[in-house]
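# Structural overview for review
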Amino acid sequence: MVEGALQELTDLGLDVGEAIYALDGLVSLVIGHVLSELATTNDGGTDPESLARVRALLPEEEFPRVRATLGRGPIDRTAEFEFGLHLMIDGIEKLLDSK
């Protein structure tokens, strides 16, 4: 499987080093996403007690953006994964375009 993926990436124009970095990045995205799914709930952290504990650890003046993400509601894991995958593919395309 690795050999085939590397062949596809090098056939597109990446050198072997770039191809392994790209493949490692894609594999890391998939593994990280799966681990995140297994380790978290999909309720978006809407439990008031949980939110209060997390907010207490994050002072508003230091973490306004992080705090803004709390309690957003259910997380669309598919959209989250697809967003990351598109970023990876766009980066590979940009690298190929720069050659």
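In what follows, the structure referred to is the one given above.
This text gives an overview of the structure that appears in the document. (Residues numbered from 1 in each chain as written. Predicted model: local features only at pLDDT ≥ 70, side-chain atom pairs only at ≥ 80, totals over all residues. Heavy atoms only, no water.)

### A closer look at the overall build of the chain
Along its length, the chain carries 5 helices and 0 strands. Taken from the N to the C terminus, the helices and strands of the chain come in the order α-α-α-α-α. Scaling as 2.2 N^0.38, a compact globule of 99 residues should have a C-alpha radius of gyration of about 13 Å, whereas the chain reaches 19 Å, well beyond that. Projected onto the principal axes, the alpha-carbon positions of the chain cover approximately 50 × 30 × 20 Å. Split into buried and exposed, the 99 residues of the chain put 16% on the buried side. The long-range fraction of contacts in the chain, counting pairs at least 24 apart against all pairs at least 6 apart in sequence, stands at 65%. By element, 62% of the accessible surface of the chain is carried by carbon and sulfur atoms, the whole surface being about 7400 Å². Side-chain charges of the chain comprise 8 positive and 19 negative groups, with the mean position of each set lying 11 Å from the other. (Helix = DSSP H or I, 4+ residues; strand = E, 2+ residues; numbered from the N terminus. Rg over C-alpha atoms; globule rule 2.2 N^0.38 Å. Buried < 20%, exposed > 50% of the residue type's maximum accessible area, 1.4 Å probe, protein only. Contact = heavy atoms within 4.5 Å. Areas by Shrake-Rupley, 256 points an atom, 1.4 Å probe, with all protein chains shown as cover. Lys, Arg positive; Asp, Glu negative; His and termini not counted. Charge placed at Lys NZ, Arg CZ, Asp CG, Glu CD.)

### With respect to the nonpolar core
In terms of nonpolar packing, the biggest core is built from 7 residues, these being L6, L9, L14, A19, A22, L23 and I92. Mapped by element, the contributors of at least two residues to this core are helix 1 (2-12) and helix 2 (16-39). Broken down by element, this core gets its largest block of residues, 3 residues, from helix 2. Residues within four places of L23 in sequence aside, it is in contact with V2, A5, L6 and L9. (Core = buried A, V, L, I, M, F, W, Y, C linked by side-chain atoms within 4.5 Å.)

### Some words on a nonpolar patch on the surface
Together, V27, V30, I31, V34, L35 and L38 make up an exposed nonpolar region whose accessible area comes to about 540 Å². Structurally, I31 can be placed in helix 2. Residue classification places I31 among the partly exposed positions, given a relative accessible area of 47%. (Patch = residues over 30% accessible without salt bridge, like charges linked within 9 Å, V, L, I, M, F, W, Y side chains within 5 Å. Salt bridge = Lys/Arg side-chain N within 4 Å of Asp/Glu carboxyl O.)

### Details of the side chain of R67
Residue placement: R67 occurs in helix 4 (residues 64-69). What makes R67 buried here is its relative accessible area of 18%. With sequence-adjacent residues up to four places away left out, R67 is seen in contact with R55, L58, P59 and E60.

### Things to note about the packing of helix 1 against helix 2
Helix 2 packs onto helix 1 with a crossing angle of 120° between their chain directions and a minimal axis gap of 9 Å. In terms of orientation, helix 1 lies oblique with respect to helix 2. Considering the relative orientation of helix 1 and helix 2, their crossing is right-handed. In this structure, helix 1 uses V2, A5, L6, L9 and T10 to contact helix 2, whose residues at the interface are V16, A19, I20, A22 and L23. (Axes fitted to C-alpha atoms, helices over the stretch in contact; angles between N-to-C directions. Parallel < 35°, antiparallel > 145°, perpendicular 65-115°, else oblique. Left-handed = near helix turned anticlockwise from the far one by under 90°.)

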